[in-house]
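# Topology and contacts: notes
One letter stands for each residue in the lines below.
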Amino acid sequence: MNNINETINKVNNKLKIGIIGLGRIGQVHLAALKTLKDVDVVAISDISPDLIKKTVEEYQIPNFYTDYRLLLHQKDIDAVWICSPTTYHFTQVKEALDNNKFVFCEKPLDAELSKIETLINSYSDLSLRLMVGFNRRFDPDFATVKKRLQEIGKPVIIKITSRDPFPPSAEYSRQSGGIYNDMSIHDLDMARFISGSEVEEVIAIGSKNYTEDIDTTLITLKFKNGIICNIDNSRKASYGYDQRLEVLGHDGMISAENKKITNVQFYSDSNIQSSVLEPFFLERYKQSYIEEAKEFITAIKEKKEFPSTANDALQASILANACGQSLEKKQMIFL
Ligand SMILES: NC(=O)c1ccc[n+]([C@@H]2O[C@H](COP(=O)([O-])OP(=O)(O)OC[C@H]3O[C@@H](n4cnc5c(N)ncnc54)[C@H](O)[C@@H]3O)[C@@H](O)[C@H]2O)c1
């Protein structure tokens, strides 16, 4: 990358950002970036002219394109946020890197391992140029669990519950690569992040309850450092967005409980009432997207590796694929 030093110097003023894809997560990232002082969102792109119009009106973005390539060719843009459907990530990441942009790409980097490997093998400084959106690492509660892990002694069991309130549209499902690549991938990354180790054994079972695809699954992992982990995923939880993390250690237990809309509880002689859960990821993980963007900017300014890299994306995708294989073959997969 010939102009990396030039870009880093510019970042000391304001980082100029373009966003590709303005659907659910694109809007979340745009709102998160708008809260930060040291960045300017100067361009957006989506194939939907209506979405562009609505977003430009709301945020007064000066440049907008239905063809993302025009955004990538805009010279003054330093960094690109790729929030398009998963099937476009590989091509758009590659084109953005080839246009000398720093890149933030939503998970998963690609459903095909070979494509992620191609990216890793094509750019020697990739961990300084591409960050992958495993936002849950930056959730303040989960980050605290990681930080305080040593206080519970040697960890032995990790339990992750991650259930969506309702299943996605059939169109989203088709482009998403299935439950393991689309949904469990967050939890597989969280399991790696918390364990600080790599997986050697994977077993997954699943069922179809609400859609034509596997929408309910239990995954068990065994890490090389001996930790065992259980992940419980469902595309539907009638009571809201259920997101919990628990780690059992030799000397104690640490857990991050669900976030509720309010912390107010009502007590009477016949019952106790408390608020329902945050409805979905937009609300539950709102702060994590802001922290994630801050980490992206800090890494560029300090010329250090991004905290979630293409290799993290590769490892999580290897696990997602192993889950699919385990389900299909009805057997444990050894990595
Ligand atoms: N980290 C998270 O919490 C999180 C949450 C949801 C989705 N995601 C990921 O984000 C990605 C997008 O998911 P979503 O839920 O926002 O999907 P979405 O369908 O709501 O939005 C995708 C947007 O991209 C646009 N688009 C399609 N093709 C395009 C192209 N070639 N160029 C530019 N724009 C294009 C669509 O018009 C749409 O507006 C997926 O990869 C998904 O896995 C991550």
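Computed from a predicted model, the values in this text were never measured in an experiment.

An α-helical turn contains 3.6 residues, so a residue and the one three or four places further along point in the same direction. Over its 16 residues, helix α11 (residues 286-301) runs 24 Å from end to end, which matches the ideal 22 Å to within 8%, given 1.5 Å per residue. Among all positions in α11, only Ser288, Tyr289, Ile290, Glu292, Ala293, Phe296, Ile297, Ala299 and Ile300 are buried. Two residues or fewer past α11, lysine 303 is found with a positive phi of approximately 50°.

Turning to the sheet that holds strand β15 (residues 333-334), a few remarks are in order. Taken in spatial order, the 7 strands line up as β12-β11-β7-β10-β9-β8-β15 in an open sheet, and their pairing is mixed. At either end of the open sheet lies a strand with only one pairing partner, and these are β12 (252-256) and β15. Across the sheet, helix α7 (residues 140-147) touches β11 (242-249) and β12, and the angle it forms with β12 is around 165°. Of the strands in this sheet, β7 (155-163), β8 (199-207), β9 (216-223), β10 (228-234) and β11 touch helix α9 (residues 178-195), which is tilted by about 30° from β9.

Quick look at the nonpolar core now. Across soluble globular proteins, nonpolar side chains show a tendency to be buried alongside one another. Formed by 69 residues in total, the largest nonpolar core has its most connected members in Ile19, Leu33, Trp81, Ile194, Leu221, Leu245 and Phe296. In terms of residues, this core owes the most to one element, α9, which gives 8 residues. Of the domains in this structure, domain 1 (4-106) and domain 2 (137-287 + 317-334) are the two that each give at least three residues to this core. For phenylalanine 296, the contacting residues outside a window of four places in its chain are Leu15, Ala79, Trp81, Phe102, Val103, Phe104, Met131 and Phe306. Ranked by size, the runner-up nonpolar core spans 29 residues in total, among them Val80, Val93, Leu109 and Ile116.

To continue, consider the environment of aspartate 251. Structurally, the position occupied by aspartate 251 is in the loop between β11 and β12. Given the relative accessible area of 62%, aspartate 251 is considered exposed. Along the backbone, aspartate 251 and threonine 216 are 35 residues apart, and their C-alpha atoms lie at a distance of 33 Å. Each residue touching aspartate 251, except ones within four places of it in the same chain, is listed here: Ile152 and Gly153.

Quick look at the domain arrangement of the protein chain now. On domain assignment, one finds that the protein chain holds domain 1 (4-106) and domain 2 (137-287 + 317-334). Between the C-alpha centres of domain 1 and domain 2 there is a distance of 29 Å. The interface of domain 1 with domain 2 comprises 7 residues on the first partner and 6 residues on the second. When domain 1 packs against domain 2, close to 560 Å² is buried across both sides, 59% of that on carbon and sulfur atoms. When the buried area of domain 1 at its contact with domain 2 is split by residue, Arg24, Val28 and Thr86 rank highest and sum to 66% of it. Linking domain 1 with domain 2 are 0 salt bridges.

Conventions adopted
Residues numbered from 1 in each chain as written. Predicted model: local features only at pLDDT ≥ 70, side-chain atom pairs only at ≥ 80, totals over all residues. Heavy atoms only, no water. Helix = DSSP H or I, 4+ residues; strand = E, 2+ residues; numbered from the N terminus. Expected span 1.5 Å × (residues − 1). Buried < 20%, exposed > 50% of the residue type's maximum accessible area, 1.4 Å probe, protein only. Pairing = 2+ DSSP bridges. Contact = heavy atoms within 4.5 Å. Axes fitted to C-alpha atoms, helices over the stretch in contact; angles between N-to-C directions. Core = buried A, V, L, I, M, F, W, Y, C linked by side-chain atoms within 4.5 Å. Domains from an automatic or database assignment. Buried area = accessible area lost by both parts, 1.4 Å probe. Salt bridge = Lys/Arg side-chain N within 4 Å of Asp/Glu carboxyl O.

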